[in-house]
Amino acid sequence: MDLGIRGRSAIVTGGSSGIGRETARQFLEEGVRVTISGRNAETLERTRMELAKATSADIHAVVGDMMKEEDIVRLVESAKQRFGGVDILVNNAGQMYSGRFAVMTDAGLKEQLETKLFGFLRAIRLVYPGMKAQRWGRIVNMIGGAGKEPDPYMFGSGITNSGLLNLTKSLSAEFGEDNVLVNAVCPGWVDTNLWRRNAQGLAAELGAQSEEEARRRAARKNSLNRFGRPEELAYAIVFLCSERASYITGVSLNLDGGRLKSLW
Ligand SMILES: NC(=O)c1ccc[n+]([C@@H]2O[C@H](COP(=O)([O-])OP(=O)(O)OC[C@H]3O[C@@H](n4cnc5c(N)ncnc54)[C@H](OP(=O)(O)O)[C@@H]3O)[C@@H](O)[C@H]2O)c1
């Protein structure tokens, strides 16, 4: 299937690793010109070089922290300068803020909100005028299942994610008349560095003796009984950003192997 986005310009925040990296790779294979970002300059440059080599496509990289408004401005300006505009924004950069109420701190929650809620919102604010003017745009927000089904261990992520679901739905209604589509993806556990960084904490939460046991127990909560692979997420993200998804907006797609059991 031709996705109809050849020549478009996309920003994938957090494109240096995991789901963002796979999303960038698939965009490049579709002929999309891609700007990736991340805080670690070395990792970002390594990814840029590897993806350029693997796809022979046009990829740009900008070091930046989504907690800093000036970095987001620099990222968007740099992408516009390099590719003449931004047609697609994948708001992906972020962390998980895990832990129960007893260990949550205001500082930790503020950091999560700053990165994902304000980081996503600020990036949207900067790309939307160009999308509106050309009457074509795609925005996908990477959220997470705890925004829909509260989990005590995911308290901080859950609060942030619920706000992001509201943001996604609200903006999809507001931007609809401009043909700017706003959707969300809610991953369950995906096999990335994020999981590896949280494996010990999850093992303690689940009473597991090892990280491998924690993985097995966590995976058992979804119908497919396994973690997702980054590319499985990326296929859906790229589709939502494509011409073929032209009648889909305001959706939050669960990409969790059947983890959430509610009807909608
Ligand atoms: N993996 C899962 O199980 C899972 C589940 C639910 C939701 N998610 C969401 O999916 C998204 C991608 O996560 P992933 O699993 O692919 O994790 P990952 O492999 O750790 O990748 C995260 C990416 O975001 C970047 N990043 C993190 N904080 C940033 C910041 N403040 N500013 C700029 N870049 C930042 C990282 O680069 P630097 O570290 O160099 O900045 C990296 O490129 C995240 O928003 C995460 O919350 C993941």
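All values derive from a computational prediction rather than experimental measurement.

Taken together, 29 residues are adjacent to the ligand, and Gly14, Gly18, Arg39, Asn40 and Gly94 come closest. When residues of the shell around the ligand are traced back to their parent elements, those giving at least two are helix 1 (18–29), strand 2 (33–38) and helix 6 (193–206). Its residues assigned to classes, the shell around the ligand shows 11 nonpolar, 16 polar and two charged.

Neighbouring strands of a sheet are bound in pairs by backbone hydrogen bonds; such pairs are parallel or else antiparallel. Taken in spatial order, the seven strands make up an open sheet running 3-2-1-4-5-6-7, and their pairing is parallel. Two strands close off the open sheet at either side, each with one partner strand: strand 3 (59–63) and strand 7 (252–255). Sheet twist, expressed as the mean angle between neighbouring strand axes with direction ignored, is 15°. The sheet contact formed by strand 5 (residues 137–142) and strand 6 (residues 180–187) spans six bridges and is parallel. Considered in strand 6, the bridge of Asn141 is made with Ala184. Contacts between helix 2 (residues 41–55) and the sheet are confined to strand 2 and strand 3, with strand 3 contributing the most and set at about 175° to the helix.

Frequently, the measure chosen for interface size is the accessible area that the parts lose on association. Assigned domains within the chain: domain 1 (9–188 + 229–252) and domain 2 (191–227). In this complex, domain 1 contributes 10 residues to the contact, which on the side of domain 2 involves eight residues.

Within a regular strand, side chains alternate between the sheet's two faces. Most of strand 5 sits inside the fold, with six of its six residues counted as buried. Side chains of strand 5 alternate between two faces, with Gly137, Ile139 and Asn141 and Arg138, Val140 and Met142 buried alike. Here strand 4 (residues 88–91) pairs with strand 5 via four bridges, running parallel. Paired with Leu89 across the bridge in strand 5 is Ile139. Running through helix 4 (residues 106–134), the crossover from strand 4 to the neighbouring parallel element strand 5 is right-handed. Handedness of the strand 5-helix 5 (residues 155–175)-strand 6 crossover: right-handed.

Remark: helix 6 packs on helix 7 (residues 211–219), axes separated minimally by 9 Å, with the N-to-C direction vectors making an angle of 70°. With respect to their mutual orientation, helix 6 and helix 7 come out roughly perpendicular. Classified by chirality, the crossing of helix 7 by helix 6 is left-handed. In contact with Ala199, Gln200, Leu202, Ala203 and Leu206 of helix 6, helix 7 contributes Glu211, Glu213, Ala214, Arg217 and Ala218. Classifying every residue of the contact of helix 6 with helix 7 gives six nonpolar, one polar and three charged.

Conventions and cut-offs
- Residue positions are given per chain, counting from 1 as you read along its sequence in written order.
- Per-residue local features of the predicted model are confined to residues with pLDDT of at least 70, and side-chain atom pairs are confined, for both listing and counting, to 80 or more; whole-chain, interface and lining totals are unaffected and use all residues.
- We call a residue near a molecule or strand if the C-beta atom, set from the backbone, is within 6 Å of it.
- Each helix is a run of DSSP H or I of at least 4 residues and each strand a run of E of at least 2, with the numbering of both proceeding from the N terminus.
- All amino acids are sorted into three groups, where Ala, Val, Leu, Ile, Met, Phe, Trp, Tyr, Cys and Pro are nonpolar, Asp, Glu, Lys and Arg are charged, and the leftover types, Gly among them, are polar.
- DSSP calls a pair of strands paired once it identifies at least 2 bridges connecting them.
- All axes are obtained by fitting lines to C-alpha atoms, using only the stretch in contact for helices, and the reported angles, taken between N-to-C directions, cover 0 to 180 degrees.
- By definition, residues are in contact whenever their C-beta atoms, placed on the basis of the backbone, come within 7 Å of each other.
- Bear in mind that the domain bounds are from an automatic or database domain assignment.
- Buried residues are those with 20 or more other C-beta atoms within 10 Å of their own C-beta, exposed residues have 12 or fewer, and partly exposed residues lie in between; C-beta atoms are placed from the backbone.
- Clockwise travel from the first strand over the helix to the second, with the strands pointing away from the viewer, marks a crossover as right-handed.
- We call two directions roughly parallel when the angle between them is under 35 degrees, roughly antiparallel when it is over 145, roughly perpendicular when it lies between 65 and 115, and oblique otherwise.
- The sense of a crossing depends on the near helix, which, turned anticlockwise from the far helix by less than a right angle, makes the crossing left-handed and, turned clockwise, makes it right-handed.

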